[in-house]
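Here are the chains, one letter per residue:
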Amino acid sequence: MKQIPGPVMLDVEGTALNADDVRRLSHPMTGGVILFARHFQSRAQLVALTDAIRSVRDDLLIAVDHEGGRVQRFRTDGFTVLPPMRRLGELWDKDALLATKVATATGYILASELRACGIDMSFTPVLDLDYGHSQVIGDRAFHGDARVVTLLAKSLSHGLALAGMSNCGKHFPGHGFAAADSHVALPVDERPLEAILRDDVAPYDWLGMSLASVIPAHVIYAQVDDKPAGFSQIWLQEVLRGKLRFTGAIFSDDLSMEAARAGGTLTEAAAAALAAGCDMVLICNQPQAAEVVLNELRHAPSKASARRIRQLQGRGRAPRWAKLVARADYQEAHALLRSALP
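Residues numbered from 1 in each chain as written. Predicted model: local features only at pLDDT ≥ 70, side-chain atom pairs only at ≥ 80, totals over all residues. Heavy atoms only, no water.

A. Layout of the overall build of the protein. When helices and strands are tallied, the protein shows 13 helices and twelve strands. For the protein, whose C-alpha radius of gyration is 19 Å, the value lies close to the compact-globule estimate of 20 Å for 342 residues. Projecting the C-alpha coordinates of the protein onto the three principal axes gives extents of approximately 50 × 50 × 35 Å. Here the protein holds 342 residues, and 59% of them are scored as buried. Considering only contacts within the protein whose residues lie at least 6 apart along the sequence, 78% involve residues at least 24 apart. Accessible area for the protein stands at about 13300 Å²; split by element, carbon and sulfur atoms hold 54% of it. A distance of 7 Å separates the average location of the 37 positive side-chain charges in the protein from that of its 38 negative side-chain charges. (Helix = DSSP H or I, 4+ residues; strand = E, 2+ residues; numbered from the N terminus. Rg over C-alpha atoms; globule rule 2.2 N^0.38 Å. Buried < 20%, exposed > 50% of the residue type's maximum accessible area, 1.4 Å probe, protein only. Contact = heavy atoms within 4.5 Å. Areas by Shrake-Rupley, 256 points an atom, 1.4 Å probe, with all protein chains shown as cover. Lys, Arg positive; Asp, Glu negative; His and termini not counted. Charge placed at Lys NZ, Arg CZ, Asp CG, Glu CD.)

Quick look at the structure:
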């Protein structure tokens, strides 16, 4: 059944849908599903799960955090174990052209494997700069140089696109400088706006039209706004939409994280994020709490917002696994990745 996708992305309880999941997925406020490692037992089971989700609603966006390194949800039963993005940055320092080729191969493998299992997109690439002291970013960042981050992210995104997958830059305007982990604390970045725009925001500016979606950071930039970026009209409307002329989709980061509690209850946080300019809010690992938000939230997505979300759904017909792994381009990408980053 097709309908306008709602503004809430949530997860399901287990490795197969139950009646409660079906009720939540059918809710008009639901617009997407995010999957985690706990939703995976095998590729066959994962395909059955995504097929079941689409049988309930074929308009739902199915996503996952699957970056490589320590943030990779599926790692067995044929899935390629991908390197942390810092490895690509280290390769860049030795051979920049080879690093761009390997980044494209990495993006292609990442996206083609997910799409073969019915998943539309991964929330990648990380565009944060590596300042060397962030507890949550660390080796998830490509590099400390914004130029290198931009070029490697563009190459990785080209690989995603070759497999029919959109990209998502995170965590705007930049989580790499703040030391605290926003999953368990509320990080504060005391730098002035000019420094953040010059350094951390640069990849978002330089990527331009090649960036399809963005996740803002649960970080307060104290000299700019007293709200975390994901709840800030200054960051989302004035800077991202206005100054950078970004036209893609904006997702909140997980509203279940400690840093999001500055937004009040989950429903209040969802409403605040949407009012600030997010197109879709994420509520992760709390399906029952997410259902309360579905029932309490009063928000009608604009046509523009719905269009931005729809544009992120997987493009073209993705080959299933057996056909994918037999393809020459997949095999070549695999060989390149393994030879460059053994």
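B. Region of the structure containing the sheet that holds strand β12 (residues 280–282). Ordered by their spatial adjacency, eight strands build an open sheet running β6-β3-β2-β1-β12-β11-β9-β7, and the pairing between neighbours is parallel. Edge positions in the open sheet fall to β6 (121–122) and β7 (169–172), since each of these has one partner strand only. Taken together, the two bridges between strand β3 (residues 61–64) and β6 define a ladder with parallel strand orientation. Opposite A63, over in β6, you have M121 as the bridge partner. (Pairing = 2+ DSSP bridges.)

C. Representation of helix α10 (residues 287–296). All of the buried residues along α10 are P287, A290, E291, V293 and L294. The arc that holds every buried residue of α10, seen down its axis, measures 160°, which confines them to one face. (Arc of directions from axis to C-beta.)

D. Molecular detail of the side chain of N167. Of note, N167 is situated in the loop between α5 (146–162) and β7. Take N167: its relative accessible area is 5%, and that puts it in the buried class. Only 2.9 Å separates the side chain of N167 from the backbone oxygen of S210, close enough to count as a polar contact. Ignoring any residue separated from it by four or fewer positions in sequence, one finds N167 in contact with M121, T124, P125, S157, L160, S210, L211, A212 and S213. (Polar contact = N/O pair within 3.5 Å; in protein donor to acceptor, adjacent residues only side chain to side chain.)

E. A look at the packing of aromatic side chains. Within the structure shown, the criterion is met by nine aromatic pairs. When the centroid spacing of 5.8 Å and the interplanar angle of 80° are considered together, the rings of F40 and F79 count as edge-to-face. Taken together, the residues F40 in the loop between β2 (30–35) and α2 (43–56) and F79 in the loop between β5 (71–72) and α3 (85–94) connect sequence positions 39 residues apart. Comparing F40 with F79, the two get one shared label, buried. Aromatic side chains F79 and W321 sit 5.2 Å apart centroid to centroid with 65° between the ring planes, which places their arrangement in the edge-to-face category. Taken together, the residues span a long stretch of sequence, with F79 in the loop between β5 and α3 and W321 in helix α12 (residues 321–326) at a distance of 242 residues. Classification of W321 by relative accessible area gives buried; the value is 10%. Chaining the aromatic ring pairs together yields one cluster made of F40, F74, F79 and W321. Sitting over the face of the ring of W321, R43 holds its NZ or CZ atom 4.3 Å from the ring centroid. Lying over the aromatic face of F177, R191 brings its terminal NZ or CZ to 4.2 Å of the ring centre. (Phe/Tyr/Trp six-rings, centres within 6.5 Å; stacked < 30°, edge-to-face > 60°. Lys NZ or Arg CZ within 6 Å of the ring centre and 35° of its normal.)

F. Fine view of unusual backbone geometry. Cis geometry marks the peptide bond from K170 to H171, where omega comes out at 5°. Topologically, H171 is positioned in strand β7. Here the residue pair F172 and P173 is connected by a cis peptide bond, since its omega of 0° sits within 30 degrees of zero. Although it is not a glycine, D77 sits at a positive phi angle of roughly 55°. Relative to the assigned elements, D77 resides in the loop between β5 and α3. With a phi angle near 55°, R245 is a residue other than glycine that sits in the positive phi range. Of note, R245 is situated in the loop between α8 (233–243) and β11 (249–254).

G. The pattern of salt bridges, seen in detail. Counted according to the given criterion, the structure contains 24 salt bridges. With its nearest N and O atoms 2.7 Å apart, the salt bridge here joins E291 to R23. Taken as a pair, E291 in helix α10 and R23 in helix α1 (residues 19–26) lie far apart in primary sequence, 268 residues in all. Among the residues examined, E291 registers a relative accessible area of 15% and is labelled buried. Take R23: its relative accessible area is 42%, and that puts it in the partly exposed class. (Salt bridge = Lys/Arg side-chain N within 4 Å of Asp/Glu carboxyl O.)

H. Quick peek at the environment of I196. Summarising the element assignment, I196 is placed in helix α6 (residues 193–198). We classify I196 as buried; its relative accessible area is 0%. The spatial distance from the C-alpha of I196 to the C-alpha of S26 is 41 Å, given a sequence separation of 170 residues. The contact partners of I196, leaving out residues within four places of it in the chain, are P173, R191, V201, Y221 and W235.

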